[in-house]
Amino acid sequence: DGGITQSPKYLFRKEGQNVTLSCEQNLNHDAMYWYRQDPGQGLRLIYYSQIVNDFQKGDIAEGYSVSREKKESFPLTVTSAQKNPTAFYLCASSIPNDEQFFGPGTRLTVL
Amino acid sequence: GIQVEQSPPDLILQEGANSTLRCNFSDSVNNLQWFHQNPWGQLINLFYIPSGTKQNGRLSATTVATERYSLLYISSSQTTDSGVYFCAVELGTGRRALTFGSGTRLQVQP
């Protein structure tokens, strides 16, 4: 059953903690992406990766970090430097320059 | 950077009515996609349409790349069509990732 999985579905973080969101795909896509969505708004790009061991910052990369050690995995770490991390986080993948497909998302809440 | 504007921001329809959603973009694009976001937040792919016209059941879309706009048509709307519709574009050069509009929130009433 091919697709994109994200875990956990809900995540609660205390101020000052780093947390890591998981994104896995079995579609054999080279490109993967992380977006953030705030209530009532569109998605904004955090980071993207066109190939293993390479990634680029998006529009709102400050306070986030990523790694791309495997083709199928693109974890996102929300660091304590991210001042307002409460949001809905969506991961996507694609063949480069082709249609993007999205995972179900992770809702992060800072307590 | 590229600007993506969607209209209208909100739309309320009676079941069975037709509607047209518009997406304007400010630069040449390599990719344009329409999504439906359901109440659980899942983004559902509707169309991948950098140019031309496509149809899928009650939905159809047209992109006129030279005039920098795309239209999404919903015919005979159903309550299950409710949600937020997003247009997203990818530039023809440079960054290879989507830039989203702010969406059209559609409510279909029985």
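Right, let's walk through the structure included here. No experiment lies behind these values; they were computed from the predicted model shown.

Brief notes about the overall build of chain A
A count of helices and strands for chain A gives zero helices and eleven strands. What you see in chain A, going N to C, is helices and strands ordered as β-β-β-β-β-β-β-β-β-β-β. In terms of C-alpha radius of gyration, chain A reaches 13 Å, essentially the compact-globule figure of 13 Å for 111 residues. Put simply, chain A has 111 residues, and 50% of those count as buried. Across chain A, contacts joining residues at least 24 apart in sequence account for 52% of those joining residues at least 6 apart. As presented, chain A carries roughly 5,400 Å² of accessible surface, and 47% of it is formed by carbon and sulfur atoms. Here chain A contributes 11 positively and 12 negatively charged side chains, and the mean placements of these two sets differ by 9 Å.

Here's the deal with the nonpolar core
The nonpolar side chains of a soluble globular protein tend to be buried, and buried together. Residues B:W34, B:L72 and B:V89 are the most contacted members of the largest nonpolar core, which totals 22 residues. Elements that contribute at least two residues to this core include exactly β2 (10–14), β3 (19–25), β4 (29–37), β5 (43–48), β7 (59–64), β8 (69–74), β9 (83–91) and β11 (104–109) of chain B. The next biggest cluster of nonpolar side chains, apart from the first, holds 20 residues, and it includes A:I4, A:C23, A:Y64 and A:A87.

Side note on the interface of chain B and chain A
Each partner contributes to the interface: chain B provides 21 residues, whereas chain A provides 23 residues. Between chain B and chain A, roughly 1,700 Å² of surface is buried when both sides are summed, and carbon and sulfur atoms account for 47% of that area. Linking chain B with chain A are zero salt bridges, by the criterion used here. Taken together, the connections running from chain B to chain A amount to eight residue pairs in polar contact (both at pLDDT 80 or more). Residue assignment for the side of chain B that touches chain A shows that the elements contributing at least two residues are β4, β5 and β9 of chain B. It is β4(B) that provides the largest number of residues to the side of chain B that touches chain A, a total of five residues.

Description of the state of the cysteines
All names here are of chain B. Counted by the stated rule, this structure contains two disulfides over all chains. A sulfur-sulfur distance of 2.0 Å marks the disulfide that ties C23 to C87. With the S-S dihedral at roughly -60°, the linkage between C23 and C87 falls on the left-handed side. Of this pair, C23 sits in strand β3 while C87 sits in strand β9, placing them 64 residues apart in sequence. The buried category is assigned to C23, whose relative accessible area is 0%.

Procedures and definitions
Residues numbered from 1 in each chain as written. Chains lettered and ligands numbered in written order. Predicted model: local features only at pLDDT ≥ 70, side-chain atom pairs only at ≥ 80, totals over all residues. Heavy atoms only, no water. Helix = DSSP H or I, 4+ residues; strand = E, 2+ residues; numbered from the N terminus. Rg over C-alpha atoms; globule rule 2.2 N^0.38 Å. Buried < 20%, exposed > 50% of the residue type's maximum accessible area, 1.4 Å probe, protein only. Contact = heavy atoms within 4.5 Å. Areas by Shrake-Rupley, 256 points an atom, 1.4 Å probe, with all protein chains shown as cover. Lys, Arg positive; Asp, Glu negative; His and termini not counted. Charge placed at Lys NZ, Arg CZ, Asp CG, Glu CD. Core = buried A, V, L, I, M, F, W, Y, C linked by side-chain atoms within 4.5 Å. Buried area = accessible area lost by both parts, 1.4 Å probe. Salt bridge = Lys/Arg side-chain N within 4 Å of Asp/Glu carboxyl O. Polar contact = N/O pair within 3.5 Å; in protein donor to acceptor, adjacent residues only side chain to side chain. Disulfide = S-S within 2.5 Å.

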